[in-house]
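# Notes for the structure review
Listed below, chain by chain, are the residues.
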Amino acid sequence: MNYLIKRTVSIVFILLFVSILTFLVFEVIPGDPVLAKLGIDADEAQVEALREELGLNRPLAVRYASWISNAVKGDLGTSIRFDMPVMDLIKDRLGLTALITAMSLILIIVVGFPLGILIARHENIFGLGLSLLSQVGMAIPSFWLGIIITSVFGLSLKLFVPGQYVPIAEDPRAGFSYLFFVVLAIAIPNIAVIVRYLRDSVLEQKGQDYIRTARSKGGGENYIMYNHILRNALLPVITVLGMLTANVLGGSLVVEKVFNVPGIGRLLIMAVSTQDLPLVEGIVLYLAAIVVLINFGVDLLYRVIDPRINLT
Amino acid sequence: MKREYSVYLKVGTVIITAMLIMMVVSIFFTPYDPEKMDVEHRLQGPTWKHILGTDNFGRDIFSRIMQGSQTAFTVGLVSVTIGLTIGLVIGGIAGYFGGWADNLLMRSMDAMIAFPGIIIALMFVTIWGYGITNTMIALGIMAVPRFARIARSGFLQAKELMYVKMAKSIGVSNLRIMFVHILPNIISPLIVAASLGFASAVLAEAGLSYLGLGVQPPDPSWGTMLHESQLYFNRAPLFSIAPGIMITLLVFGFNMFGDGLRDLNDPRKR
């Protein structure tokens, strides 16, 4: 329990730092938002009045406190461009991005783990070739893969209409098959990451003394692989899943644009290109908080799965 | 398979060298002026005159690819330098001095790592504006936590070692101990990280530029080319394919180089 408390406290601190960083980045904007709004030749009184109105005359710490307490309550301010609460905009789009992220993670796990094991079992030129291939996979930009997938499966094979996402609520089949291609573009580079980590992890275990002991006792290769090596090799890979979630989410932000999917990435990019600061700030805070919490979850999972780690 | 790292190192070195040569050549010579438009011959397929065809303004794609390597190398080098320098200072202070500074600095690094990289970059370009300079600064800042963590663990281990204690006992200043005595001993993991960081900077720059939020035209960039080419995939597929392959190759090269170097330094893998 002690561990849990310690971890929770540290998560709270990290969240606090995340919010402070976000707040500071948006507060130290070059140029004065008041002067930007009123023009340089506004008179003193006008400037003071607007400062008062926007609450900019209060000390930084007070402003942070009120901003973060609102944020915790679910009020992230109002978008300039949409003239709507930032929270509502995020809620509208988050579901789709969460679905894409979840589907990508599932695909990555379902394909990545068996593939990684397959590659790790072949310690020969074939294994080296596949390992080089996984290095290439890691280097491919997911959005470029998206462009290629769009042209091959969309334009040439006509398996979907590029740019025409059908909401899942309207037509689940069309919606999911469209998303499948989006997910494919995000997943492939990340599958390569898993494969690579798994292979390294398996190869490291293979060299351990207990494997030699198992072999000398007459254990078959398959038996040793599944009962000894993998049980130990899979654990460290689980920690990578936390990192992958951030990767996948970041990948989704860009790939959404390739496929014209109305998720949170499109919203963020629109917000960035229209300088909608409250919206960018809100999305950044929200996504970072999600990533922190997911990492926390993965970390806990790891501790639960590995009996050697004492939770107390 | 024990010599795998040497394959990695060789492949990485060959690719990086080839790219470097292309970049240097492109400073003095490209088959065509990369910015010369020729609307009559736009979106052509590959011909002997234009081996990769022409883009939507009739510019020679091969020349633009060559010139784009300058941007890729500049972005990689500058952002790694920024990240490495700031990371070294932060990690050095945290690891060498420890205490509350360590706690404060490393917790803020943890917080930064929580942001998916592209978000940090997007956050900075929102505020500071687009363009190659701001992209490099944003990507440099994005890389700081990784360098800081590695530097910290190096300094942390080194400060307990005899040579550091000896240097201290004869009155060498902390700054001199940190950067003249310790740094050369902990440099190799940082070089590995720099190589891998170079790769991720190139990848991130391509992403930002593809979104239209990174390097802006007329500065040539492979990411910007992808941004411009997407609409014309049917008519000129090479316009999209070529820049993507270049990005992949360069990222692959630096990843291989970094991984090979890491394994070279790892006695268990030798």
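None of these values were measured; they are calculated from a predicted model.

Conventions we followed
- Residues numbered from 1 in each chain as written.
- Chains lettered and ligands numbered in written order.
- Predicted model: local features only at pLDDT ≥ 70, side-chain atom pairs only at ≥ 80, totals over all residues.
- Heavy atoms only, no water.
- Helix = DSSP H or I, 4+ residues; strand = E, 2+ residues; numbered from the N terminus.
- Rg over C-alpha atoms; globule rule 2.2 N^0.38 Å.
- Buried < 20%, exposed > 50% of the residue type's maximum accessible area, 1.4 Å probe, protein only.
- Contact = heavy atoms within 4.5 Å.
- Areas by Shrake-Rupley, 256 points an atom, 1.4 Å probe, with all protein chains shown as cover.
- Lys, Arg positive; Asp, Glu negative; His and termini not counted.
- Charge placed at Lys NZ, Arg CZ, Asp CG, Glu CD.
- Salt bridge = Lys/Arg side-chain N within 4 Å of Asp/Glu carboxyl O.
- Polar contact = N/O pair within 3.5 Å; in protein donor to acceptor, adjacent residues only side chain to side chain.
- Nonpolar A, V, L, I, M, F, W, Y, C, P; charged D, E, K, R; others polar.
- Axes fitted to C-alpha atoms, helices over the stretch in contact; angles between N-to-C directions.
- Left-handed = near helix turned anticlockwise from the far one by under 90°.
- Parallel < 35°, antiparallel > 145°, perpendicular 65-115°, else oblique.
- Arc of directions from axis to C-beta.
- 1 Å grid on protein atoms, 1.4 Å probe; cavity = no way out; pocket = protein on both sides within 12 Å on 5 of 7 lines; lining within 4 Å.
- Points joined across faces, edges and corners; volume = space filled by probe spheres on them.
- Patch = residues over 30% accessible without salt bridge, like charges linked within 9 Å, V, L, I, M, F, W, Y side chains within 5 Å.
- pLDDT = per-residue confidence, 0-100.

Our focus in this paragraph is the overall build of chain A. Looking only at helices and strands, one finds twelve helices and zero strands in chain A. Written out in order from the N terminus, the α and β elements of chain A read α-α-α-α-α-α-α-α-α-α-α-α. A compact globule built from 312 residues would reach a C-alpha radius of gyration of about 20 Å, whereas chain A, at 24 Å, exceeds it by more than 25%. Expressed along its principal axes, the backbone C-alpha trace of chain A runs to roughly 90 × 55 × 35 Å. Burial analysis of chain A (312 residues in total) assigns 45% to the buried set. Partitioning the contacts of chain A with sequence separation of at least 6, the portion at a separation of at least 24 is 74%. Just so you have it, chain A exposes about 15300 Å², and 64% of that area is on carbon and sulfur atoms. Chain A carries 24 positive and 24 negative side-chain charges, and their two centres are separated by 15 Å.

Listed by partner, the interface residues are 48 residues for chain B and 49 residues for chain A. Scanning the region where chain B abuts chain A turns up one salt bridge. Ionic pairing is found between Arg 196 of chain A and Asp 259 of chain B, a salt bridge with its closest N-O pair at 3.0 Å. Our enumeration of links across chain B and chain A arrives at seven residue pairs in polar contact (both at pLDDT 80 or more). Of all the secondary-structure elements, those providing two or more residues to the side of chain B that touches chain A are helix H1 (4-28), helix H3 (99-114), helix H4 (117-128), helix H8 (187-210), helix H9 (222-229) and helix H10 (237-265) of chain B. Tallying contributions element by element places H10 of chain B first for the side of chain B that touches chain A, with twelve residues. Looking at the side of chain B that touches chain A residue by residue, the class counts come to 31 nonpolar, ten polar and seven charged.

Residues and elements named next belong to chain A. Running from N to C, helix H5 (residues 86-121) and helix H10 (residues 221-259) cross one another at 145 degrees; their axes reach a closest spacing of 8 Å. In terms of crossing hand, the pair formed by H5 and H10 is right-handed. Here the residues of the contact of H5 with H10 sort into 15 nonpolar, six polar and two charged.

On to the packing of helix H2 (residues 61-97) of chain B against H8 of chain B. All names here are of chain B. Look at H2 against H8: their axes get within 8 Å of each other, and the N-to-C directions meet at 130 degrees. By the criterion of interaxial angle, the relationship of H2 to H8 is oblique. Once H2 is placed against H8, the crossing between them reads as right-handed. Residues Ala 72, Phe 73, Val 75, Gly 76, Leu 77, Ser 79, Val 80, Leu 84 and Leu 88 of H2 form the contact with H8, whose own contacting residues are Leu 190, Ala 194, Gly 197, Phe 198, Ala 201, Val 202 and Glu 205. Its residues assigned to classes, the contact of H2 with H8 comprises twelve nonpolar, three polar and one charged.

The next point concerns the side chain of Arg 93 of chain A. Residues and elements named next belong to chain A. Position of Arg 93 among the secondary structure elements: in helix H5. At 3.3 Å, the side chain of Arg 93 and the backbone oxygen of Gly 263 are in polar contact. Those residues in contact with Arg 93 that lie beyond four places of it in its chain are Pro 262, Gly 263, Ile 264, Arg 266, Leu 267 and Met 270.

The next subject is helix H7 (residues 174-182) of chain B. Residues and elements named next belong to chain B. For H7, every residue scored as buried is listed here: Ile 177, Met 178 and Ile 182. Each buried residue of H7 lies within a common arc of 95 degrees when the element is viewed along its axis, so the set occupies one face. Packing partners of the buried residues in H7 comprise H2, helix H5 (132-158) and helix H6 (162-169).

Our focus in this paragraph is empty space enclosed by the protein. Picture a little ball the size of a water molecule; that probe, rolled over the atoms, points out where space is still empty. All names here are of chain B. For the structure on display, the rule yields one cavity of 30 Å³ or more. Ser 79, Val 80, Leu 139, Met 142, Ala 143, Arg 146, Gly 197, Ser 200 and Ala 201 together form the lining of the largest cavity. Top contributing element to the lining of the largest cavity by residue count: H5, with four residues.

A surface patch of negative charge is lined by Asp 43, Glu 44, Glu 48 and Glu 52 of chain A. Secondary-structure assignment places Glu 44 of chain A in helix H3 (residues 44-54).

Residue and element names in this part refer to chain B. Residues with a pLDDT of 70 or more make up 97% of chain B, whose mean pLDDT is 87. Mean pLDDT across the elements of chain B bottoms out in H4 (83) and peaks in H2 (93). Under the prediction, the complex receives an ipTM of 0.87, its pTM being 0.87.

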